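The primary structure of each chain is shown beneath.
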Amino acid sequence: MSAPVLRLAHPDEAQRVVDFINANFDWKLPLVNREEYFSFYYRSGEQLQFALAEEEGRLLAVAGYIRAANAPGADVWVSVWVAQKGHNGVGLELMAALPRLTGAGVVACNNIRPKTMAFYRFLGWHAGRVGHFYRLAGLPEYRLAKIADPTVLPAGGDLSLEPVADAAALAALGMPASPHTPRKDVWYMGRRYFAFPHLTYSVYAAKAGGRLLAYLVCRVVDSGQGKALRIADFVGDTALLPRLGAAVDRLLKASGAEYAECYCAGVDPAVMAAAGFSERKEGDANILPNYLQPPLFENTEYYYFTSDPARFVLFKADGDQDRPNLPAT
């Protein structure tokens, strides 16, 4: 038996990939069966963002990925990874080959199943829990959050946040310096936060002396029983976050939300605390619902992997996360 061929998909293989995933995954995925999601996540011009493992013309495994920049060798998030039954080893081989096939310096995934973390560690990659941080609005009572400890940490900082109106305004500002990966560019930021189907984001710029320092991206989620301010992304040096604590607190108060919350990995909890955010640990008595429409009154854990943890930072909207859970069509 010959070794599987590992390669990138051709633009005309979209239906072949969808049919394979539908035949070999546990359920029908909206990501690949809803055209607006499939096109948004897996098409870029003529490029179809899937890697394939095949043997004698027969697909054995596929991996869909999302680029963080519109450039050769862009870092990527893995979104869908499916192997035919009995060929999990080939699926793992395909995953290991993704850096070579895509040219990416960093391969990562937001929201993996906890039981699969051993696979990525076998590859020599890092897998772990995504941290969850929150800031309460200091209300006399909460209807959405279930609060046993009402502590609100002090928040200060000298930086303000200026709204960025649209993708053109973001492109005019450019990208801030950042030591972190994955590396994002204006193409990614404009597309992800100003052209995403079904959701509206607010993008803010932090500047000092006329120089762009960071972007903060958030959205207000209204559950019908209360609001939450979700911090979806931060691009820039995360060491700046304490300088934005008061500015984020002003956004929280203006939004009418009960709390601001942030899922992130690669950010020191001490930095988040200095920005005014408490850390929710596993088993915490405080409940900050993640599923809000309708609200599910329990805490939610997320897990991730990265091929290079040294400078890696992940936020809630990275990869294929922070999207409406729509049915497959």
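Anything mentioned here points back to the structure above.
Everything quoted here is computed from the prediction, not taken from an experiment.

Between its first and last C-alpha, helix 4 (residues 88-102) extends 21 Å over 15 residues, near the 21 Å set by a 1.5 Å rise per residue. For helix 4, the principal kink sits at Ala96 and spans about 40 degrees; a proline, Pro99, occurs within the next four residues. Where helix 4 is concerned, the buried positions are Val90, Gly91, Leu92, Leu94, Met95, Ala97, Leu98, Leu101 and Thr102. One or two positions beyond helix 4, positive phi appears at Gly103, with a value near 80 degrees.

Our focus in this paragraph is empty space enclosed by the protein. Inspection of the entire model under this criterion finds 2 cavities of 30 Å³ or more. Roughly 120 Å³ of volume is contained in the largest cavity. Forming the walls of the largest cavity are Phe40, Tyr41, Arg43, Ser44, Gln49, Ile66, Arg67, Trp187, Tyr188, Arg191, Arg192 and Gly319. When residues of the lining of the largest cavity are traced back to their parent elements, those giving at least two are helix 3 (35-42), strand 2 (43-44), strand 5 (58-67) and helix 7 (186-194). No other element matches the 4 residues that helix 7 contributes to the lining of the largest cavity. By residue class, the composition of the lining of the largest cavity is 5 nonpolar, 3 polar and 4 charged. Lining the second largest cavity are Leu216, Ile231, Phe234, Leu241, Gly245, Val248, Cys262, Met272, Ala275, Phe277 and Phe315. When contributions to the lining of the second largest cavity are tallied by element, the ones reaching two or more residues are strand 13 (227-236) and helix 8 (245-255). Counted by class, the lining of the second largest cavity contains 10 nonpolar, 1 polar and no charged residues.

It is worth spelling out the pattern of salt bridges at this point. Following the criterion strictly, the structure yields 19 salt bridges and no others. The closest approach of N and O atoms between Arg113 and Asp26, which form a salt bridge, is 3.3 Å. Note that Arg113 is positioned in the loop between strand 7 (107-110) and helix 5 (117-122) and Asp26 in the loop between helix 1 (14-24) and helix 2 (30-33), a separation of 87 residues in sequence. When its relative accessible area of 33% is taken as the criterion, Arg113 is described as partly exposed. With its nearest N and O atoms 2.8 Å apart, the salt bridge here joins Arg135 to Asp249. With Arg135 in strand 9 (residues 131-136) and Asp249 in helix 8, this residue pair connects regions lying 114 residues apart in the sequence. Asp249 carries the same exposure label as Arg135, and that label is buried. Where salt bridges share partners, they join Arg7, Glu13, Arg16 and Glu54 into one cluster.

Attention now goes to the environment of Leu153. Within the secondary structure, Leu153 sits in the loop between strand 9 and strand 10 (162-164). In this structure Leu153 touches Arg135, Ala273, Gly276, Phe277 and Ser278, once residues within four positions along its chain are discounted.

Attention now goes to the sheet that holds strand 6 (residues 76-83). The strand order across the open sheet built from 7 strands is 1-4-5-6-7-16-8, with neighbouring strands paired in mixed fashion. Of all strands in the sheet, those bounded by a partner on one side alone are strand 1 (5-8) and strand 8 (126-129). Going from strand to strand, the sheet's axes swing by 25 degrees on average, the running direction of each strand aside. Summarising the sheet, strand 8 and strand 16 (residues 303-306) pair through 4 bridges and their orientation is antiparallel. Counted as the bridge partner of Gly128 is Tyr304 from strand 16. Across the face of the sheet, helix 1 comes into contact with strand 1, strand 4 (50-55), strand 5 and strand 6 while running at roughly 110 degrees to strand 5.

The rules we used
- Residues numbered from 1 in each chain as written.
- Predicted model: local features only at pLDDT ≥ 70, side-chain atom pairs only at ≥ 80, totals over all residues.
- Heavy atoms only, no water.
- Helix = DSSP H or I, 4+ residues; strand = E, 2+ residues; numbered from the N terminus.
- Expected span 1.5 Å × (residues − 1).
- Bend = angle between axes of the 7 residues up to and from the residue.
- Buried < 20%, exposed > 50% of the residue type's maximum accessible area, 1.4 Å probe, protein only.
- 1 Å grid on protein atoms, 1.4 Å probe; cavity = no way out; pocket = protein on both sides within 12 Å on 5 of 7 lines; lining within 4 Å.
- Points joined across faces, edges and corners; volume = space filled by probe spheres on them.
- Nonpolar A, V, L, I, M, F, W, Y, C, P; charged D, E, K, R; others polar.
- Salt bridge = Lys/Arg side-chain N within 4 Å of Asp/Glu carboxyl O.
- Contact = heavy atoms within 4.5 Å.
- Pairing = 2+ DSSP bridges.
- Axes fitted to C-alpha atoms, helices over the stretch in contact; angles between N-to-C directions.

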